[in-house]
Amino acid sequence: MALHKIFRAVIMGPPGSGKGTVSARITKTFGLKHLSSGDILRANINAKTELGLLMKSCIDQGQLVPDDVMSRLILSDLRALDQSSWLLDGFPRTVSQADALDKAYSVDTVINLNVPFQTIKQRLTSRWTHLPSGRVYNVDFNPPKVPGLDDVTGEPLVQRDDDTPETVTRRLKAYETQTDDCKNVFPYRSKGVLQSFSGTETNKIWPHIEAFLHSKLSSVDEKCEDL
Ligand SMILES: Nc1nc2c(ncn2[C@@H]2O[C@H](COP(=O)(O)OP(=O)(O)O)[C@@H](O)[C@H]2O)c(=O)[nH]1
Ligand SMILES: Nc1ncnc2c1ncn2[C@@H]1O[C@H](COP(=O)(O)OP(=O)(O)O)[C@@H](O)[C@H]1O
């Protein structure tokens, strides 16, 4: 689908709810640029930047990195995408981050994935990641064609240091208290742009998200053509 107006979307949900998996499908179908806060942080760690080294211990302990650091990082990357439609994955995660984004951009839609924590725990301990691209695999759900290797580049897959059972528990707790419990204070429900999708299987949730975005994007385009 060709987009005429700039469309800005956010995808939220607990760790392991399928944000990366759904984002890949959204970018493939609708051509939005994908920006993932976790991928950006891991690229900094991998490149051994000062910021990456400082943030690594927070991430490995399953804690959120400080709001000011995260907001500055994401907003500066978004500035480079000013003329593009984008999908922001993993940001905002706190009220302060949501306020910082709201001051800079008006978000057209927020997709919220609602997946039970019990489902997530099993998924994350069997997640394999291609760090340079952020592509994710799963031994049961979407295994790579060759075990241990990325389908596109043939490079090795790794298990993230924070995908251990103990750290996953801490990340889910952080999500509950810092994101989920505060969701009503984020500026999205009151603005009528928050849309939740619930379930335990991405393949069942995806057709609903796809249909929702098709209708959302065509109404945005119609409004644009009316101007
Ligand atoms: N079993 C199963 N695994 C899934 C499903 N959807 C995604 N996954 C896997 O669950 C893990 C977490 O998904 P991901 O998209 O990385 O979630 P994120 O942490 O919210 O970005 C990855 O290993 C995915 O391949 C599903 O419906 N069933
Ligand atoms: N918006 C954010 N605010 C603070 N910390 C973040 C944010 N996004 C990512 N992080 C840090 O990076 C880690 C991994 O994030 P992410 O890759 O988005 O995890 P997941 O895909 O499992 O939800 C988080 O546990 C946290 O430490």
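The rules behind each value
- Residues numbered from 1 in each chain as written.
- Chains lettered and ligands numbered in written order.
- Predicted model: local features only at pLDDT ≥ 70, side-chain atom pairs only at ≥ 80, totals over all residues.
- Heavy atoms only, no water.
- UniProt positions renumbered as here; feature names shortened; annotations may be inferred.
- Helix = DSSP H or I, 4+ residues; strand = E, 2+ residues; numbered from the N terminus.
- Buried < 20%, exposed > 50% of the residue type's maximum accessible area, 1.4 Å probe, protein only.
- Contact = heavy atoms within 4.5 Å.
- Near = heavy atom within 4 Å.
- Polar contact = N/O pair within 3.5 Å; in protein donor to acceptor, adjacent residues only side chain to side chain.
- Areas by Shrake-Rupley, 256 points an atom, 1.4 Å probe, with all protein chains shown as cover.
- Salt bridge = Lys/Arg side-chain N within 4 Å of Asp/Glu carboxyl O.
- Nonpolar A, V, L, I, M, F, W, Y, C, P; charged D, E, K, R; others polar.
- Pairing = 2+ DSSP bridges.
- Axes fitted to C-alpha atoms, helices over the stretch in contact; angles between N-to-C directions.

The feature "binding site: AMP" (unreviewed entry), as annotated in UniProt, sits at Ser 37, Arg 42, Gln 63, Leu 64, Val 65, Gly 90, Phe 91, Pro 92, Arg 93, Gln 97, Arg 160 and Arg 171 in this numbering. The largest pairwise C-alpha distance within this set of annotated residues, which runs over 135 residues, is 24.4 Å, so the set is dispersed in three dimensions. Inspection of the secondary structure puts Gln 63 in the loop between α3 (50-60) and α4 (67-79). You can see Phe 91 is positioned in the loop between β3 (86-89) and α5 (95-104). Overall, Phe 91 belongs to the buried group, its relative accessible area being 0%. In this structure, Phe 91 is in contact with Val 10, Ser 37, Met 70, Ser 71, Ile 74, Gln 97 and Leu 101, ignoring residues within four places of it in sequence.

So, on to the site of ligand 2. Inspection of the region around ligand 2 gives 20 residues, with Ser 37, Arg 42, Gln 63, Gln 97 and Arg 171 positioned closest. Here Val 65 contributes a backbone N or O atom positioned 3.1 Å from a nitrogen atom of ligand 2. The separation between a nitrogen atom of ligand 2 and a polar side-chain atom of Gln 97 is 2.8 Å. In the complex, 96% of the free accessible area of ligand 2, which totals 550 Å², lies under the protein chains. The biggest single contributor to the shell around ligand 2 is helix α2 (residues 37-46), with four residues.

A separate point is the pattern of salt bridges. Applying the stated criterion across every chain yields a total of 14 salt bridges. As a salt-bridge pair, Asp 39 and Arg 42 come within 3.1 Å of each other at their nearest N and O atoms. Linking Asp 39 with Arg 42, this pair stays in helix α2, spanning three residues, or about one helical turn. An identical accessibility class is assigned to Asp 39 and Arg 42; each is buried. Across the salt bridge formed by Lys 183 and Asp 180, the nearest N and O atoms sit 2.6 Å from each other. Several salt bridges share partner residues, and in doing so they unite Arg 127, Arg 160, Asp 162, Asp 163 and Arg 171 into one network.

Attention shifts here to the UniProt feature "binding site: GTP" (unreviewed entry) in the protein. Annotation from UniProt places "binding site: GTP" (unreviewed entry) at Gly 16, Ser 17, Gly 18, Lys 19, Gly 20, Thr 21, Arg 127, Val 136, Tyr 137 and Thr 202. These annotated residues cover 187 residues of sequence, and their C-alpha atoms all fall within 14.4 Å of one another, placing them together at a single site. Mapping Arg 127 onto the fold places it in strand β5 (residues 127-130). With residues near it in sequence (within four places) discarded, Arg 127 still touches Val 136, Tyr 137, Asn 138, Val 158, Gln 159, Arg 160, Asp 163 and Arg 171.

Before going further, it helps to examine the site of ligand 1. With respect to spatial proximity, 18 residues lie near ligand 1, and among them Gly 16, Thr 21, Arg 127, Tyr 137 and Thr 202 are the closest. Taking Arg 123, its side chain carries an N or O atom lying 3.4 Å from an oxygen atom of ligand 1. In the model, an oxygen atom of ligand 1 is placed 3.0 Å from a nitrogen or oxygen of the Asn 138 side chain. Burial of ligand 1 by the surrounding chains reaches 90%, relative to a free accessible area of 580 Å². Of all the secondary structure elements, the ones that give two or more residues to the shell around ligand 1 are α1 (19-30), α6 (117-125) and β6 (135-138). Class assignment for the residues of the shell around ligand 1 results in six nonpolar, eight polar and four charged.

Within the open sheet, the five strands sit side by side as β2-β3-β1-β4-β7. Their pairing is parallel. Pairing within the sheet leaves two strands with one partner each, and these edge strands are β2 (33-36) and β7 (194-198). On average, adjacent strands in this sheet sit at an angle of 20 degrees to one another, irrespective of strand direction. In terms of strand pairing, strand β4 (residues 109-114) meets β7 through five bridges, oriented parallel. Within the sheet, the bridge partner assigned to Ile 111 lies in β7 and is Gln 195.

Bringing the environment of Ile 74 into the picture now. Here Ile 74 is to be found in helix α4. Each C-alpha atom, one on Ile 74 and one on Glu 155, is 27 Å from the other, the two residues being 81 residues apart in sequence. Apart from residues lying up to four places away in sequence, Ile 74 is in contact with Ser 37, Ile 40, Leu 88 and Phe 91.

What follows is about the side chain of Ser 17. Inspection of the secondary structure puts Ser 17 in the loop between β1 (8-12) and α1. Looking at Ser 17, its side chain comes within polar contact range of the main-chain oxygen of Pro 14, at 2.7 Å. When residues no more than four places from it in sequence are discounted, the contact partners of Ser 17 are Leu 113, Val 115, Ile 120 and Arg 123.

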